[in-house]
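# Structural characterization, general
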Amino acid sequence: MTQIDFYLLPGDSPGSRQHFACRLIETIWKKGHRVYVHLPNQASAQAFSEILWQFKPEAFIPHGLLGQHPPSPVELGWQAEPGDHHEVLLNLDLETPAHFSRFERVAEIIDQDEQVMQPKRAAWRFYKERGYLIRSHDMRHPAQS
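Residues numbered from 1 in each chain as written. Predicted model: local features only at pLDDT ≥ 70, side-chain atom pairs only at ≥ 80, totals over all residues. Heavy atoms only, no water.

## Observations concerning the nonpolar core
Counting residues in hydrophobic clusters, the biggest one holds 24 residues, and the most contacted among them are Ile25, Val37, Phe48, Leu76, Leu90 and Ile109. Mapped onto this core, the elements with two or more residues apiece are helix 1 (16-30), strand 2 (35-38), helix 2 (42-54), strand 4 (74-77), strand 5 (88-91) and strand 6 (105-110). Top contributing element to this core by residue count: helix 1, with six residues. Residues Leu66, Phe100, Phe103 and Tyr132 belong to the second largest nonpolar core, which totals 16 residues. (Core = buried A, V, L, I, M, F, W, Y, C linked by side-chain atoms within 4.5 Å. Buried < 20%, exposed > 50% of the residue type's maximum accessible area, 1.4 Å probe, protein only. Helix = DSSP H or I, 4+ residues; strand = E, 2+ residues; numbered from the N terminus.)

## Section: the packing of aromatic side chains
Following the criterion strictly, the structure yields ten aromatic pairs and no others. A centroid spacing of 5.6 Å and a plane angle of 70 degrees characterise the contact between Phe100 and Phe126, whose relative ring orientation is edge-to-face. With Phe100 in the loop between strand 5 and strand 6 and Phe126 in helix 3 (residues 114-129), this pair connects stretches of sequence that are 26 residues apart. Judged by relative accessible area, which is 25%, Phe126 ranks as partly exposed. Aromatic ring contacts, followed pair by pair, group Phe6, Phe100, Trp124, Phe126, Tyr127 and Tyr132 into a single cluster. (Phe/Tyr/Trp six-rings, centres within 6.5 Å; stacked < 30°, edge-to-face > 60°.)

## As for unusual backbone geometry
Cis geometry is adopted by the peptide bond preceding Pro70, which originates at His69 and carries an omega value of 0 degrees. Note on placement: Pro70 falls in the loop between strand 3 (63-65) and strand 4.

## Quick notes on the sheet that holds strand 5
Judged by pairing direction, the sheet is parallel, and its seven strands sit side by side in the order 3-4-2-5-6-1-7 without closing on themselves. Either end of the sheet is taken by a strand with one partner, and the two such strands are strand 3 and strand 7 (133-138). With strand direction ignored, the average angle separating the axes of adjacent strands in the sheet is 20 degrees. As defined by bridge partners, strand 2 adjoins strand 5 across four bridges and the pair is classed as parallel. Across the sheet, residue His38 finds its bridge partner in strand 5, namely Asn91. (Pairing = 2+ DSSP bridges. Axes fitted to C-alpha atoms, helices over the stretch in contact; angles between N-to-C directions.)

## Topic: helix 1
The first and last C-alpha atoms of helix 1 sit 21 Å apart over 15 residues, in line with the 21 Å expected at 1.5 Å per residue. Just downstream of helix 1, Gly32 is the residue with a positive phi angle, here 90 degrees. (Expected span 1.5 Å × (residues − 1).)

## A short note on the pairing of strand 5
The alternating pattern of strand 5 places Val88 and Leu90 on one face and Leu89 and Asn91 on the opposite face, and all of these are buried. By the bridge criterion, four bridges tie strand 5 to strand 6 in an arrangement that is parallel. Paired with Leu90 across the bridge in strand 6 is Ala107.

## Some points on the environment of Phe6
Along the chain, Phe6 falls in strand 1 (residues 3-8). Residue classification places Phe6 among the buried positions, given a relative accessible area of 0%. A sequence separation of 132 residues divides Phe6 from Asp138, and the C-alpha atoms of the two residues are 8.3 Å apart. Those residues in contact with Phe6, other than ones at most four positions away along the chain, are Glu108, Ile110, Lys120, Ala123, Trp124, Tyr127, Ile134, Arg135, Ser136 and His137. (Contact = heavy atoms within 4.5 Å.)

By themselves, these observations are geometric and do not establish any function.
Set out below in structure tokens:
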């Protein structure tokens, strides 16, 4: 069964979710896993690709848009179908994608922006009501996560 991880961030500064997502992607990729990043639309995917390129000047996270050839270990998409991905889904959309259950793990990132908190609370309830194992990582107090 899919494991769901919620990462609770302090503050609501613009870009905090994307910056944390970059760090999380780097960690997951370095452990040898493929990552599918789900975004709301093509423009968001292209903008996040630029953020990944600029994330760390000394580091490179191999990534591309879903469907580009050759496929990358980290792919960004907005489509209803996530290609052949099944390991890790990082959901940067506010909606829960219908294909989430095909993944071994799903990561949801929540900052303190009410526009993010409300739909992610609904996502928590959605997963919980369906019996998924949910883990919370409180990045506001890292020693407690």
